[in-house]
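Structural overview
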Amino acid sequence: MLTFPDLTAEDHDLVVPMVLDFYHSDAVDHPVDSAILEQSFQDAADPAEPLLRGLLIQWDGESAGYLYVTQCYSAEVGGRCVFIEEIYLRPEFRGRGLGAEIMAWLERSYPAARRFRLEVTRANQGAVRLYERAGYTFLHYDQMVLDKIK
């Protein structure tokens, strides 16, 4: 059975290697400084941080992966948007149908959301298929960013 306990600081040595694996996979198309990944974990595990929620993905008590989730308001849909920042399953847990269960759990956990949003690289075809089966479609926007980090 899948469970989703919130991350704590004690999960550091379990989760950060998964984060590094995620950032060195076809799920990400550019390098990210490890100090930023560390800070993101610290924020995800801090219950006082209102903008980022980190969760373990556990299958029958065994750590199968992690999630990072944020929320914002979307003027396009007139309400709350849940942004799935990161979703990661360890390789040995892939192909078991857990992805579909995770996506359904997210929808149940955020019933007030009017939109769920995530980013996916086209190279990550397994993830694209999962998200399409869950009802996600591509928004054809180009993103522009102004990073204020060094």
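Let's talk about the overall build of the chain
Within the chain, the regular secondary structure consists of four helices and five strands. Secondary structure elements in the chain, listed N-terminal to C-terminal, are β-α-α-β-β-β-α-β-α. Here the C-alpha atoms of the chain give a radius of gyration of 15 Å, agreeing with the 15 Å that 2.2 N^0.38 yields for 150 residues. Burial statistics for the chain: of 150 residues in total, 40% are counted as buried. Here the contacts in the chain between residues at least 6 apart in sequence split such that 60% fall between residues at least 24 apart. Carbon and sulfur atoms provide 52% of the accessible area of the chain, an area that totals close to 9,400 Å². Considering the chain, the positive charge centre built from 14 side chains and the negative charge centre built from 24 side chains are found 8 Å apart.

Things to note about the pairing of strand S4 (residues 79-89)
The two faces of a sheet get side chains in turn, since along a regular strand they alternate between them. Burial within S4 is extensive, with nine of its 11 residues counted as buried. Note that strand S3 (residues 62-74) and S4 share 10 bridges and pair antiparallel. Opposite Ser74, over in S4, you have Gly79 as the bridge partner. With four bridges joining them, S4 and strand S5 (residues 115-118) adopt parallel strand pairing. Looking across to S5, one finds that Val82 is bridged to Phe116. For the handedness criterion, the β-α-β arrangement of S4, helix H3 (residues 98-109) and S5 is classed as right-handed.

Here's the deal with the side chain of Thr121
With respect to the helices and strands, Thr121 occurs in the loop between S5 and helix H4 (125-133). A polar contact is formed between the side chain of Thr121 and the backbone oxygen of Asp26, at a distance of 2.4 Å. Setting aside chain neighbours within four positions, we find Thr121 in contact with Asp26, Ala27, Val28, Asp29 and Val128.

What about the environment of Ser25?
Mapped onto the fold, Ser25 is located in the loop between helix H1 (12-23) and helix H2 (34-44). Using a relative accessible area of 28% as the deciding quantity, one classes Ser25 as partly exposed. Each C-alpha atom of the pair Ser25 and Ala123 lies 9.7 Å from the other, and the pair is 98 residues apart in sequence.

Some words on the nonpolar core
Grouped together as the largest cluster of nonpolar side chains are 25 residues, with contacts concentrated most on Leu67, Ile102, Met103 and Leu106. Where this core is concerned, the elements lending two or more residues are strand S2 (53-59), S3, S4, H3, S5 and H4. Tallying contributions element by element places H3 first for this core, with five residues. Of all hydrophobic cores here, the second largest spans 18 residues; its members include Met18, Leu37, Ala45 and Tyr88.

What counts, and at which threshold
- Residues numbered from 1 in each chain as written.
- Predicted model: local features only at pLDDT ≥ 70, side-chain atom pairs only at ≥ 80, totals over all residues.
- Heavy atoms only, no water.
- Helix = DSSP H or I, 4+ residues; strand = E, 2+ residues; numbered from the N terminus.
- Rg over C-alpha atoms; globule rule 2.2 N^0.38 Å.
- Buried < 20%, exposed > 50% of the residue type's maximum accessible area, 1.4 Å probe, protein only.
- Contact = heavy atoms within 4.5 Å.
- Areas by Shrake-Rupley, 256 points an atom, 1.4 Å probe, with all protein chains shown as cover.
- Lys, Arg positive; Asp, Glu negative; His and termini not counted.
- Charge placed at Lys NZ, Arg CZ, Asp CG, Glu CD.
- Pairing = 2+ DSSP bridges.
- Right-handed = clockwise from strand over helix to strand, strands pointing away.
- Polar contact = N/O pair within 3.5 Å; in protein donor to acceptor, adjacent residues only side chain to side chain.
- Core = buried A, V, L, I, M, F, W, Y, C linked by side-chain atoms within 4.5 Å.

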